Amino acid sequence: MGKSLVGIAQQLKNTDEKVQLIYAFNGVGKTRLSREFKELVSEETDYEDEDDAEYKPNHNKIIYYNALTEDLFYWENYPQNDHEPKLKIQENSFTKWMLKEQGYEKDAISIFQEYTYNKITPHFNPDYSEVTFSLRGDDTSKKIKISKGEESNFIWSLFYTFIKKAIDAITEKETDKFNNLEYIYIDDPVTSLDEDYLIRLAINLGELIKNAPERMHFIISTHNTLFYNILYNQLGLKNGFFLKNLEDGTFELIEKKGDSNRTFAYHLHIRNLIEQAIKDNCIQRYHIAFLRNLYEKTASFLGHEKWSNLLSPELKQQGLRLMNHYNHYTLSNLEVPEPPESDKSWVSPLLDNLINKCSYAKHDENNN
(Lines give C-alpha, C1' and ligand atoms only; values in the text may rest on other atoms or scores of the structure.)
Protein backbone atom coordinates (compact mmCIF):
# COMPACT_ATOMS: atom_id res chain seq x y z
CA MET A 1 0.00 0.00 0.00
CA GLY A 2 1.26 3.44 -0.92
CA LYS A 3 0.60 6.90 0.47
CA SER A 4 -2.08 9.51 0.08
CA LEU A 5 -1.22 12.61 -1.93
CA VAL A 6 -0.86 14.45 1.37
CA GLY A 7 1.70 11.84 2.38
CA ILE A 8 3.56 12.29 -0.91
CA ALA A 9 3.50 16.07 -0.39
CA GLN A 10 4.98 15.59 3.08
CA GLN A 11 7.66 13.34 1.58
CA LEU A 12 8.62 16.10 -0.87
CA LYS A 13 8.71 18.67 1.91
CA ASN A 14 10.90 16.56 4.19
CA THR A 15 13.87 16.58 1.80
CA ASP A 16 16.68 19.13 1.70
CA GLU A 17 17.22 18.71 -2.05
CA LYS A 18 17.19 21.97 -4.01
CA VAL A 19 15.38 20.39 -6.97
CA GLN A 20 12.93 17.49 -7.11
CA LEU A 21 11.96 16.57 -10.66
CA ILE A 22 8.89 14.36 -11.03
CA TYR A 23 7.63 12.52 -14.11
CA ALA A 24 4.05 11.21 -14.22
CA PHE A 25 1.49 10.30 -16.84
CA ASN A 26 -1.52 12.50 -17.44
CA GLY A 27 -4.34 11.78 -15.04
CA VAL A 28 -2.17 10.37 -12.26
CA GLY A 29 -2.55 13.39 -9.97
CA LYS A 30 0.26 15.88 -10.58
CA THR A 31 -1.96 18.94 -10.27
CA ARG A 32 -3.68 17.58 -7.16
CA LEU A 33 -0.27 16.90 -5.64
CA SER A 34 0.81 20.50 -6.27
CA ARG A 35 -2.33 21.72 -4.48
CA GLU A 36 -1.73 19.42 -1.51
CA PHE A 37 1.86 20.62 -1.26
CA LYS A 38 0.72 24.24 -1.39
CA GLU A 39 -1.83 23.65 1.35
CA LEU A 40 0.74 21.83 3.48
CA VAL A 41 3.24 24.70 3.27
CA SER A 42 0.59 27.42 3.60
CA GLU A 43 -0.65 25.94 6.90
CA GLU A 44 2.72 26.85 8.42
CA THR A 45 2.47 30.52 7.42
CA ASP A 46 1.67 32.90 10.27
CA TYR A 47 -0.35 35.94 9.24
CA GLU A 48 -0.32 39.10 11.31
CA ASP A 49 -3.99 39.73 10.64
CA GLU A 50 -6.77 38.46 8.42
CA ASP A 51 -6.01 40.98 5.68
CA ASP A 52 -2.59 39.42 5.23
CA ALA A 53 -4.24 36.15 4.26
CA GLU A 54 -4.73 37.77 0.86
CA TYR A 55 -1.69 37.63 -1.36
CA LYS A 56 1.30 39.50 0.10
CA PRO A 57 4.69 38.27 -1.03
CA ASN A 58 6.52 39.04 2.20
CA HIS A 59 4.33 36.49 4.03
CA ASN A 60 4.22 33.70 1.42
CA LYS A 61 6.50 30.66 1.73
CA ILE A 62 5.47 29.24 -1.64
CA ILE A 63 4.54 30.35 -5.12
CA TYR A 64 3.23 27.73 -7.50
CA TYR A 65 2.02 27.22 -11.04
CA ASN A 66 -0.42 24.56 -12.21
CA ALA A 67 -3.52 24.12 -14.34
CA LEU A 68 -5.53 26.18 -11.85
CA THR A 69 -3.32 29.17 -12.59
CA GLU A 70 -4.69 29.13 -16.13
CA ASP A 71 -8.23 29.12 -14.75
CA LEU A 72 -7.72 32.75 -13.72
CA PHE A 73 -7.93 33.63 -17.43
CA TYR A 74 -10.90 33.12 -19.76
CA TRP A 75 -11.99 34.42 -23.16
CA GLU A 76 -14.80 36.89 -23.68
CA ASN A 77 -15.13 36.37 -27.40
CA TYR A 78 -18.12 38.45 -28.34
CA PRO A 79 -19.20 41.05 -25.77
CA GLN A 80 -22.59 42.56 -26.45
CA ASN A 81 -21.37 45.88 -27.87
CA ASP A 82 -17.78 45.02 -28.74
CA HIS A 83 -16.71 42.33 -31.16
CA GLU A 84 -13.03 42.07 -30.31
CA PRO A 85 -11.84 38.96 -28.44
CA LYS A 86 -10.58 39.67 -24.94
CA LEU A 87 -8.76 37.46 -22.47
CA LYS A 88 -10.39 38.31 -19.17
CA ILE A 89 -8.44 38.09 -15.91
CA GLN A 90 -10.41 37.07 -12.87
CA GLU A 91 -9.79 39.33 -9.91
CA ASN A 92 -6.84 37.95 -7.99
CA SER A 93 -4.03 39.28 -5.86
CA PHE A 94 -1.25 37.66 -7.92
CA THR A 95 -1.70 39.61 -11.18
CA LYS A 96 -2.76 42.74 -9.28
CA TRP A 97 0.47 42.81 -7.30
CA MET A 98 2.71 41.80 -10.19
CA LEU A 99 1.29 44.00 -12.96
CA LYS A 100 -0.45 46.93 -11.30
CA GLU A 101 1.70 47.45 -8.23
CA GLN A 102 5.13 46.30 -9.43
CA GLY A 103 4.89 47.16 -13.13
CA TYR A 104 6.30 43.92 -14.55
CA GLU A 105 4.09 44.14 -17.63
CA LYS A 106 6.87 44.82 -20.18
CA ASP A 107 9.05 42.04 -18.79
CA ALA A 108 6.23 39.50 -19.15
CA ILE A 109 5.44 40.63 -22.71
CA SER A 110 9.11 40.33 -23.69
CA ILE A 111 9.29 36.74 -22.36
CA PHE A 112 6.02 35.84 -24.08
CA GLN A 113 7.33 37.08 -27.42
CA GLU A 114 10.58 35.13 -26.94
CA TYR A 115 8.66 31.83 -26.65
CA THR A 116 6.12 32.42 -29.39
CA TYR A 117 5.57 34.38 -32.60
CA ASN A 118 7.25 37.66 -31.74
CA LYS A 119 4.80 39.82 -33.66
CA ILE A 120 1.94 38.97 -31.29
CA THR A 121 1.62 41.91 -28.91
CA PRO A 122 -0.49 41.84 -25.71
CA HIS A 123 -2.31 44.99 -24.56
CA PHE A 124 -3.50 45.27 -20.95
CA ASN A 125 -6.36 47.58 -20.04
CA PRO A 126 -5.70 50.22 -17.32
CA ASP A 127 -6.91 48.12 -14.37
CA TYR A 128 -5.36 44.87 -15.69
CA SER A 129 -8.67 43.05 -15.73
CA GLU A 130 -8.33 42.02 -19.38
CA VAL A 131 -5.82 41.75 -22.19
CA THR A 132 -6.20 41.89 -25.96
CA PHE A 133 -3.74 40.84 -28.67
CA SER A 134 -2.74 42.28 -32.02
CA LEU A 135 -0.09 41.60 -34.67
CA ARG A 136 2.76 44.11 -34.77
CA GLY A 137 3.00 45.75 -38.16
CA ASP A 138 -0.71 45.31 -38.85
CA ASP A 139 -3.53 47.55 -37.76
CA THR A 140 -3.12 47.43 -33.95
CA SER A 141 -6.80 48.24 -33.53
CA LYS A 142 -7.59 44.83 -35.04
CA LYS A 143 -7.56 42.38 -32.16
CA ILE A 144 -7.01 38.65 -32.62
CA LYS A 145 -7.70 35.54 -30.60
CA ILE A 146 -4.50 33.62 -29.96
CA SER A 147 -4.27 29.84 -29.96
CA LYS A 148 -4.58 27.66 -26.86
CA GLY A 149 -0.83 27.03 -26.90
CA GLU A 150 -0.08 30.76 -27.16
CA GLU A 151 -2.55 31.47 -24.36
CA SER A 152 -0.86 28.92 -22.06
CA ASN A 153 2.49 30.39 -22.98
CA PHE A 154 1.27 33.91 -22.14
CA ILE A 155 0.07 32.83 -18.69
CA TRP A 156 3.33 30.96 -18.05
CA SER A 157 5.25 34.10 -19.08
CA LEU A 158 3.51 36.06 -16.32
CA PHE A 159 4.40 33.43 -13.76
CA TYR A 160 7.97 33.03 -15.00
CA THR A 161 8.48 36.79 -14.81
CA PHE A 162 7.27 36.73 -11.22
CA ILE A 163 9.59 33.97 -10.04
CA LYS A 164 12.54 35.52 -11.90
CA LYS A 165 11.93 38.88 -10.22
CA ALA A 166 11.55 37.17 -6.85
CA ILE A 167 14.83 35.27 -7.26
CA ASP A 168 16.64 38.39 -8.48
CA ALA A 169 15.32 40.34 -5.49
CA ILE A 170 16.54 37.68 -3.04
CA THR A 171 19.94 37.32 -4.73
CA GLU A 172 20.58 41.07 -4.93
CA LYS A 173 19.04 41.74 -1.49
CA GLU A 174 17.15 44.68 -2.90
CA THR A 175 13.99 44.04 -0.88
CA ASP A 176 12.76 42.01 2.06
CA LYS A 177 9.47 41.19 0.35
CA PHE A 178 10.54 37.60 -0.31
CA ASN A 179 12.26 36.83 2.98
CA ASN A 180 9.85 33.98 3.72
CA LEU A 181 9.85 32.44 0.24
CA GLU A 182 11.20 28.87 0.36
CA TYR A 183 9.36 26.83 -2.28
CA ILE A 184 8.55 27.19 -5.96
CA TYR A 185 6.29 24.45 -7.31
CA ILE A 186 5.86 24.21 -11.08
CA ASP A 187 3.46 21.70 -12.62
CA ASP A 188 3.63 21.21 -16.40
CA PRO A 189 4.31 24.66 -17.84
CA VAL A 190 4.73 23.22 -21.34
CA THR A 191 1.23 22.16 -22.40
CA SER A 192 0.73 22.74 -26.15
CA LEU A 193 4.12 24.38 -26.68
CA ASP A 194 5.96 23.67 -29.92
CA GLU A 195 9.10 21.60 -29.40
CA ASP A 196 11.55 24.43 -30.23
CA TYR A 197 9.97 26.79 -27.70
CA LEU A 198 9.71 23.96 -25.18
CA ILE A 199 13.46 23.37 -25.36
CA ARG A 200 14.18 27.08 -24.95
CA LEU A 201 11.81 27.31 -21.99
CA ALA A 202 13.40 24.30 -20.28
CA ILE A 203 16.91 25.70 -20.76
CA ASN A 204 15.94 29.12 -19.41
CA LEU A 205 14.15 27.59 -16.43
CA GLY A 206 17.17 25.42 -15.72
CA GLU A 207 19.47 28.45 -15.72
CA LEU A 208 17.08 30.30 -13.42
CA ILE A 209 17.08 27.41 -10.95
CA LYS A 210 20.88 27.08 -11.02
CA ASN A 211 21.23 30.79 -10.20
CA ALA A 212 18.66 30.71 -7.40
CA PRO A 213 19.82 30.89 -3.75
CA GLU A 214 20.49 27.53 -2.08
CA ARG A 215 17.69 28.10 0.41
CA MET A 216 15.17 27.94 -2.44
CA HIS A 217 13.52 24.56 -3.10
CA PHE A 218 11.99 23.70 -6.49
CA ILE A 219 9.48 20.93 -7.18
CA ILE A 220 8.78 20.43 -10.89
CA SER A 221 6.33 17.86 -12.23
CA THR A 222 5.63 17.06 -15.85
CA HIS A 223 4.24 14.48 -18.26
CA ASN A 224 6.47 15.78 -21.05
CA THR A 225 9.44 13.48 -21.63
CA LEU A 226 11.56 16.00 -23.53
CA PHE A 227 11.07 18.70 -20.88
CA TYR A 228 12.00 16.21 -18.16
CA ASN A 229 15.08 15.05 -20.04
CA ILE A 230 16.42 18.56 -20.68
CA LEU A 231 15.96 19.71 -17.08
CA TYR A 232 17.45 16.52 -15.65
CA ASN A 233 20.59 16.80 -17.73
CA GLN A 234 20.97 20.57 -17.53
CA LEU A 235 20.69 20.62 -13.74
CA GLY A 236 23.04 17.66 -13.38
CA LEU A 237 20.62 15.82 -11.13
CA LYS A 238 21.57 12.48 -9.57
CA ASN A 239 18.01 11.23 -9.40
CA GLY A 240 14.48 11.94 -10.53
CA PHE A 241 11.09 10.63 -9.44
CA PHE A 242 8.22 8.76 -11.02
CA LEU A 243 4.76 9.37 -9.52
CA LYS A 244 2.62 6.26 -9.76
CA ASN A 245 -1.00 5.71 -8.74
CA LEU A 246 -1.74 2.27 -7.30
CA GLU A 247 -4.87 0.17 -7.73
CA ASP A 248 -5.99 0.81 -4.14
CA GLY A 249 -6.16 4.57 -4.78
CA THR A 250 -2.89 5.41 -3.06
CA PHE A 251 0.30 6.76 -4.62
CA GLU A 252 3.99 5.98 -4.73
CA LEU A 253 6.87 8.34 -5.46
CA ILE A 254 9.55 6.10 -6.93
CA GLU A 255 13.12 7.37 -6.97
CA LYS A 256 14.84 6.86 -10.32
CA LYS A 257 18.64 7.07 -10.38
CA GLY A 258 21.20 7.33 -13.11
CA ASP A 259 20.78 6.51 -16.78
CA SER A 260 17.10 5.58 -16.57
CA ASN A 261 16.44 9.34 -16.36
CA ARG A 262 18.59 10.21 -19.36
CA THR A 263 16.95 8.12 -22.05
CA PHE A 264 13.86 10.21 -22.80
CA ALA A 265 15.45 12.09 -25.70
CA TYR A 266 16.48 8.71 -27.10
CA HIS A 267 12.88 7.49 -26.68
CA LEU A 268 11.57 10.39 -28.74
CA HIS A 269 14.20 9.99 -31.46
CA ILE A 270 13.52 6.28 -31.87
CA ARG A 271 9.77 6.80 -31.82
CA ASN A 272 10.07 9.45 -34.54
CA LEU A 273 12.14 7.10 -36.70
CA ILE A 274 9.52 4.35 -36.42
CA GLU A 275 6.62 6.73 -37.05
CA GLN A 276 8.31 8.11 -40.16
CA ALA A 277 8.92 4.59 -41.45
CA ILE A 278 5.23 3.77 -40.93
CA LYS A 279 4.19 6.97 -42.68
CA ASP A 280 6.51 6.36 -45.65
CA ASN A 281 5.64 2.65 -45.79
CA CYS A 282 9.33 1.74 -45.65
CA ILE A 283 9.56 -0.39 -42.49
CA GLN A 284 12.82 -2.32 -42.33
CA ARG A 285 13.93 -5.10 -40.01
CA TYR A 286 15.88 -2.66 -37.85
CA HIS A 287 12.74 -0.59 -37.17
CA ILE A 288 11.23 -3.62 -35.43
CA ALA A 289 14.43 -4.00 -33.42
CA PHE A 290 14.12 -0.32 -32.51
CA LEU A 291 10.54 -0.95 -31.38
CA ARG A 292 11.70 -3.74 -29.05
CA ASN A 293 14.40 -1.41 -27.66
CA LEU A 294 11.79 1.29 -27.07
CA TYR A 295 9.63 -1.16 -25.11
CA GLU A 296 12.63 -2.28 -23.07
CA LYS A 297 13.77 1.20 -22.07
CA THR A 298 10.23 2.35 -21.24
CA ALA A 299 9.65 -0.75 -19.10
CA SER A 300 12.97 -0.15 -17.32
CA PHE A 301 12.01 3.40 -16.38
CA LEU A 302 8.57 2.33 -15.19
CA GLY A 303 10.00 -0.44 -13.02
CA HIS A 304 8.65 -3.47 -14.93
CA GLU A 305 10.74 -6.63 -14.82
CA LYS A 306 9.67 -7.58 -18.34
CA TRP A 307 9.08 -5.31 -21.31
CA SER A 308 6.29 -7.64 -22.38
CA ASN A 309 4.23 -6.38 -19.41
CA LEU A 310 3.51 -3.30 -21.52
CA LEU A 311 1.81 -5.34 -24.23
CA SER A 312 -1.98 -5.38 -24.18
CA PRO A 313 -3.51 -8.91 -24.10
CA GLU A 314 -4.69 -8.79 -27.70
CA LEU A 315 -1.20 -7.86 -28.93
CA LYS A 316 0.90 -10.02 -26.63
CA GLN A 317 1.28 -13.11 -28.80
CA GLN A 318 2.15 -11.29 -32.01
CA GLY A 319 4.21 -8.66 -30.17
CA LEU A 320 6.41 -11.26 -28.50
CA ARG A 321 6.82 -13.24 -31.71
CA LEU A 322 7.67 -10.22 -33.83
CA MET A 323 10.03 -8.36 -31.50
CA ASN A 324 11.82 -11.45 -30.25
CA HIS A 325 12.39 -12.66 -33.79
CA TYR A 326 13.81 -9.43 -35.24
CA ASN A 327 15.77 -8.52 -32.12
CA HIS A 328 17.87 -11.69 -32.47
CA TYR A 329 17.90 -11.88 -36.24
CA THR A 330 21.45 -11.59 -37.61
CA LEU A 331 21.69 -9.34 -40.63
CA SER A 332 24.04 -10.19 -43.48
CA ASN A 333 24.69 -8.85 -46.93
CA LEU A 334 22.50 -11.59 -48.36
CA GLU A 335 19.41 -10.75 -46.33
CA VAL A 336 16.45 -8.86 -47.67
CA PRO A 337 16.17 -5.91 -45.25
CA GLU A 338 12.42 -5.49 -45.63
CA PRO A 339 10.19 -7.78 -43.55
CA PRO A 340 7.07 -9.36 -45.09
CA GLU A 341 3.87 -7.31 -45.18
CA SER A 342 2.25 -9.56 -42.58
CA ASP A 343 4.94 -8.56 -40.04
CA LYS A 344 5.03 -4.88 -41.05
CA SER A 345 1.30 -4.58 -40.39
CA TRP A 346 1.87 -5.16 -36.66
CA VAL A 347 4.38 -2.32 -36.16
CA SER A 348 1.85 0.51 -36.08
CA PRO A 349 -0.55 -1.09 -33.54
CA LEU A 350 2.39 -2.11 -31.34
CA LEU A 351 3.74 1.45 -31.33
CA ASP A 352 0.26 2.86 -30.68
CA ASN A 353 -0.13 0.43 -27.78
CA LEU A 354 3.02 1.77 -26.12
CA ILE A 355 2.05 5.41 -26.65
CA ASN A 356 -1.53 4.92 -25.44
CA LYS A 357 -0.59 2.75 -22.47
CA CYS A 358 2.19 5.01 -21.21
CA SER A 359 0.97 8.35 -22.66
CA TYR A 360 4.45 9.79 -22.63
CA ALA A 361 4.01 11.03 -26.18
CA LYS A 362 0.76 12.88 -25.49
CA HIS A 363 1.89 16.46 -25.00
CA ASP A 364 -1.35 18.20 -25.92
CA GLU A 365 -3.67 17.05 -23.15
CA ASN A 366 -4.60 19.00 -20.05
CA ASN A 367 -3.38 17.70 -16.71
CA ASN A 368 -5.60 16.77 -13.82
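Residues numbered from 1 in each chain as written. Predicted model: local features only at pLDDT ≥ 70, side-chain atom pairs only at ≥ 80, totals over all residues. Heavy atoms only, no water.

Asker: I'm lost on the pattern of salt bridges in this one. Help?
Answerer: Opposite charge on two side chains makes pairing possible when the charged atoms of those side chains draw close. All told, the structure shown has 14 salt bridges when counted by the stated rule. Notably, a salt bridge pairs E70 with K148, separated by 3.5 Å at the nearest N-O pair. Taken together, the positions of E70 in helix α3 (residues 67–70) and K148 in helix α6 (residues 148–172) put the pair 78 residues apart, joining distant regions of the chain. On the basis of relative accessible area, E70 is assigned to the buried category, the value being 15%. The partner of K88 in a salt bridge is E130, with the nearest N and O atoms 3.0 Å apart. (Salt bridge = Lys/Arg side-chain N within 4 Å of Asp/Glu carboxyl O. Helix = DSSP H or I, 4+ residues; strand = E, 2+ residues; numbered from the N terminus. Buried < 20%, exposed > 50% of the residue type's maximum accessible area, 1.4 Å probe, protein only.)

Asker: Teacher, can you tell me more about the nonpolar core here?
Answerer: Note that soluble globular proteins tend to have their nonpolar side chains buried in a common cluster. Membership of the largest hydrophobic core comes to 105 residues, with the highest contact counts inside it found for F154 and L205. When neighbours within four sequence positions are excluded, F154 is seen to be in contact with F73, L87, F112, P122, F124, V131 and F133. (Core = buried A, V, L, I, M, F, W, Y, C linked by side-chain atoms within 4.5 Å. Contact = heavy atoms within 4.5 Å.)

Asker: I would appreciate a short explanation of the sheet that holds strand β3 (residues 73–76) in the present structure.
Answerer: Backbone-to-backbone hydrogen bonds pair the strands of a sheet. The strands run either parallel or antiparallel. Read from one edge to the other, the open sheet built from 4 strands follows the order β3-β4-β6-β5, with strand pairing classed as antiparallel. The sheet is open, and its two borders are formed by β3 and β5 (120–124), each paired with just one other strand. When strand polarity is set aside, the average angle formed by the axes of neighbouring strands in this sheet is 30 degrees. Pairing of strand β4 (residues 86–89) with strand β6 (residues 130–135) involves 2 bridges; the strand directions are antiparallel. (Pairing = 2+ DSSP bridges. Axes fitted to C-alpha atoms, helices over the stretch in contact; angles between N-to-C directions.)

Asker: Looking at this model, I keep getting lost on the packing of α6 against helix α7 (residues 195–211). Mind explaining?
Answerer: For any two helices packed against each other, one specifies the inter-axial angle together with the distance between the axes. It is at 10 Å that the axes of α6 and α7 come closest, and there the two elements cross at 20 degrees. Taken together, the axes of α6 and α7 are roughly parallel relative to one another. Seen along the crossing, α6 lies across α7 with a hand that is left-handed. Residues W156, Y160, I163, K164, I167 and T171 of α6 touch α7, and the partners they reach there are L201, N204, L205, L208 and N211. (Parallel < 35°, antiparallel > 145°, perpendicular 65-115°, else oblique. Left-handed = near helix turned anticlockwise from the far one by under 90°.)

Asker: In this structure, what is going on with the packing of aromatic side chains? I would like to understand it.
Answerer: Aromatic ring pairs are defined here through the distance separating the ring centres and the angle between the ring planes. By the definition in use, this model includes 20 aromatic pairs. On the numbers, 5.9 Å between centres and 70 degrees between planes, the contact of Y295 with W307 is edge-to-face. With a gap of 12 residues between them, Y295 in helix α10 (residues 285–302) and W307 in the loop between α10 and α11 (313–327) connect regions that are remote in the sequence. Taking relative accessible area as the criterion, W307 reaches 12% and is therefore assigned buried. Members of the aromatic cluster, connected to one another through ring pairs, are W75, F112, F124, Y128, F133 and F154. (Phe/Tyr/Trp six-rings, centres within 6.5 Å; stacked < 30°, edge-to-face > 60°.)

Asker: I'm lost on the sheet that holds strand β7 (residues 183–187) in this one. Help?
Answerer: The sheet built from 6 strands is open, its strands ordered β2-β7-β8-β1-β9-β10 with mixed pairing. Here the strands that pair on one side only, and so sit at the sheet edges, are β2 (62–65) and β10 (251–257). Adjacent strand axes in the sheet meet at a mean angle of 20 degrees when their direction is disregarded. Here 5 bridges tie β7 to strand β8 (residues 217–222), and the two strands are oriented parallel to one another. Note that in β8 the partner of I184 across the bridge is F218.

Asker: Looking at this structure, I do not really get α10. What am I missing?
Answerer: An α-helical turn contains 3.6 residues, so a residue and the one three or four places further along point in the same direction. Across its 18 residues, α10 extends 26 Å between first and last C-alpha, which sits within 8% of the 26 Å expected from 1.5 Å per residue. What α10 keeps buried is the set R285, H287, I288, L291, R292, N293, L294, Y295, T298, A299, F301 and L302. Phi turns positive, to about 90 degrees, at G303, one or two residues after α10. (Expected span 1.5 Å × (residues − 1).)

Asker: What is the right way to read the environment of L135 from this model?
Answerer: The residue L135 is located in strand β6 in this model. Those residues in contact with L135 that sit more than four places away from it in its chain are Y117, K119, I120 and I144.

Asker: Where do I start with the environment of I355 in this structure?
Answerer: Along the chain, I355 falls in helix α13 (residues 347–358). I355 sits in the buried class, given a relative accessible area of 12%. Distance in space between the C-alpha atoms of I355 and R271 is 9.4 Å, their sequence separation being 84 residues.

Asker: Would you mind showing me how to read the environment of E91 here?
Answerer: Within the secondary structure, E91 sits in the loop between β4 and α4 (93–101). Exposure remark for E91: the relative accessible area of 83% places this residue in the exposed category. Counting along the chain gives 19 residues from E91 to L72, while the straight-line C-alpha distance between them is 7.9 Å.

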